[in-house]
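The chain contents come next:
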Amino acid sequence: ILGVSDSPLQSGLLFVLVLGMLFLPKLYGLALQLTTPGRARRFGGAEHLGTSVLLEALFSVLLAPTMAYLHTRFVLGVLRGQVVQWTAQERDDVATPFAVAAKRHAGTTALGVVWGVVAWYATPSLFPWLLPFLIGLVLSIPLSWFTSKASAGKKARARGWFVTPEETDPPFVLRRLAAELSRAPTAPRVAPRRGLERLLLDDALRDLHFA
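Not measured: the values here are computed from a predicted model. (Residues numbered from 1 in each chain as written. Predicted model: local features only at pLDDT ≥ 70, side-chain atom pairs only at ≥ 80, totals over all residues. Heavy atoms only, no water.)

**A short note on the overall build of the protein**
Secondary structure summary: the protein contains eleven helices and zero strands in total. Going residue by residue from the N terminus, the α and β elements of the protein occur as α-α-α-α-α-α-α-α-α-α-α. Relative to a compact globule of 211 residues, whose C-alpha radius of gyration would be 17 Å, the protein shows 24 Å and is clearly more extended. With respect to the three principal axes, the spread of C-alpha positions in the protein is 75 × 50 × 30 Å. Of all 211 residues assigned to the protein, the portion counted as buried reaches 18%. Across the protein, every contact between residues at least 6 apart in sequence was considered, and the portion connecting residues at least 24 apart equals 69%. Element-wise, carbon and sulfur atoms account for 68% of the exposed surface of the protein, whose accessible area totals about 15700 Å². Computed over 22 positive and 14 negative side-chain charges, the inter-centroid distance for the protein is 5 Å. (Helix = DSSP H or I, 4+ residues; strand = E, 2+ residues; numbered from the N terminus. Rg over C-alpha atoms; globule rule 2.2 N^0.38 Å. Buried < 20%, exposed > 50% of the residue type's maximum accessible area, 1.4 Å probe, protein only. Contact = heavy atoms within 4.5 Å. Areas by Shrake-Rupley, 256 points an atom, 1.4 Å probe, with all protein chains shown as cover. Lys, Arg positive; Asp, Glu negative; His and termini not counted. Charge placed at Lys NZ, Arg CZ, Asp CG, Glu CD.)

The following block contains the structure:
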């Protein structure tokens, strides 16, 4: 903060350049989908696609400071010789409890508050430009908690937001999976067999495998 010029013109130019690097690829991708016949429909329609891009950009801006903070901690930990473990990610739709989010992101929130106070007193002209970054840090706890909720994703999908082509027009393998899962509770139970044995004895399964 202290090393940046206090000139509003230079501050504004830096802000515009950063926004360009962040948002031009998103806008280009949106324009490509909207100008290609039939592409927007696969994402729920032009209106829903545009809303999804705007919401994704907003959440990206808010989450980016927290991700940068965590990445910095990770790199500093490696430099200090800490053992790094790459454990399996949580793939199920399990929400993060608010208490856990508060414990994990308390340092992030404190950093945002302290940085904001320093920026306000050291370079007041830069404070408005830093607000998107500072807001993301200060709101890291509720953002982490909210974005982990499966219910939030289901409500967004019900509104047609963040829809993918695989959802609007599922490929054959996903349609087959959905059909088998819906049939599974009523299907007769059979004795478990090894995969190769089932393939050799079940004509329909063998034909599907070779197909």
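Next comes the rest of the description.
**Section: the packing of helix H3 (residues 46–79) against helix H6 (residues 140–147)**
Where H3 contacts H6, the axes come no closer than 10 Å and their chain directions differ by 120 degrees. Here H3 lies oblique to H6, going by the angle between them. In the packing of H3 onto H6, the handedness of the crossing is left-handed. Touching Phe 59, Leu 62, Leu 63 and Thr 66 of H3 are Ser 140, Leu 143, Phe 146 and Thr 147, all from H6. (Axes fitted to C-alpha atoms, helices over the stretch in contact; angles between N-to-C directions. Parallel < 35°, antiparallel > 145°, perpendicular 65-115°, else oblique. Left-handed = near helix turned anticlockwise from the far one by under 90°.)

**Quick word on a nonpolar patch on the surface**
A cluster of nonpolar side chains, contributed by Val 113, Val 117, Trp 120, Tyr 121, Leu 131, Ile 135, Val 138 and Leu 139, occupies part of the molecular surface with about 740 Å² of accessible area. Those elements that provide at least two residues to the nonpolar patch are helix H4 (98–122) and helix H5 (127–138). Among the elements that line the nonpolar patch, the one with the most residues is H4, at four residues. Owing to a relative accessible area of 48%, Trp 120 belongs among the partly exposed residues under this scheme. (Patch = residues over 30% accessible without salt bridge, like charges linked within 9 Å, V, L, I, M, F, W, Y side chains within 5 Å. Salt bridge = Lys/Arg side-chain N within 4 Å of Asp/Glu carboxyl O.)

**Here we look at unusual backbone geometry**
Peptide bonds are mostly trans, and most non-glycine residues show a negative phi. Of note in the backbone geometry, Phe 162 takes a positive phi value of approximately 60 degrees without being a glycine. Assignment of secondary structure puts Phe 162 in the loop between helix H7 (150–158) and helix H8 (165–168).

**Considerations on the confidence of the model for the protein**
Of the residues in the protein, 93% have a pLDDT of 70 or more, and the chain-wide mean is 85. Summarising per-element confidence for the protein, the mean pLDDT is lowest in helix H10 (residues 195–201) (82) and highest in H6 (94). (pLDDT = per-residue confidence, 0-100.)

**Details of the packing of aromatic side chains**
One pass over the structure, following the stated rule, counts four aromatic pairs. On the numbers, 5.8 Å between centres and 75 degrees between planes, the contact of Phe 98 with Trp 145 is edge-to-face. You can see Phe 98 sitting in helix H4 and its partner Trp 145 sitting in helix H6, a full 47 residues away along the chain. Residue classification places Phe 98 among the partly exposed positions, given a relative accessible area of 46%. (Phe/Tyr/Trp six-rings, centres within 6.5 Å; stacked < 30°, edge-to-face > 60°.)

**Thoughts on the environment of Ile 135**
Here Ile 135 lies in helix H5. Relative accessible area serves as the criterion here: at 37%, Ile 135 is assigned to the partly exposed category. A sequence separation of 73 residues divides Ile 135 from Leu 62, and the C-alpha atoms of the two residues are 7.0 Å apart.

**What to know about the layout of surface pockets**
For the largest pocket, the calculated volume is near 1100 Å³. Forming the walls of the largest pocket are 29 residues, and the residues nearest its centre are Met 67, Leu 70, Arg 73, Arg 104 and His 105. Taken together, the elements giving at least two residues each to the lining of the largest pocket come down to H3, H4 and H6. If you tally residues by element for the lining of the largest pocket, the top one is H3, at ten residues. Residue composition of the lining of the largest pocket, grouped by class: 13 nonpolar, twelve polar and four charged. One number sums up the size of the second largest pocket: a volume of about 670 Å³. Listed by contribution, the elements that provide at least two residues to the lining of the second largest pocket are helix H1 (8–35), H3 and H5. (1 Å grid on protein atoms, 1.4 Å probe; cavity = no way out; pocket = protein on both sides within 12 Å on 5 of 7 lines; lining within 4 Å. Points joined across faces, edges and corners; volume = space filled by probe spheres on them. Nonpolar A, V, L, I, M, F, W, Y, C, P; charged D, E, K, R; others polar.)

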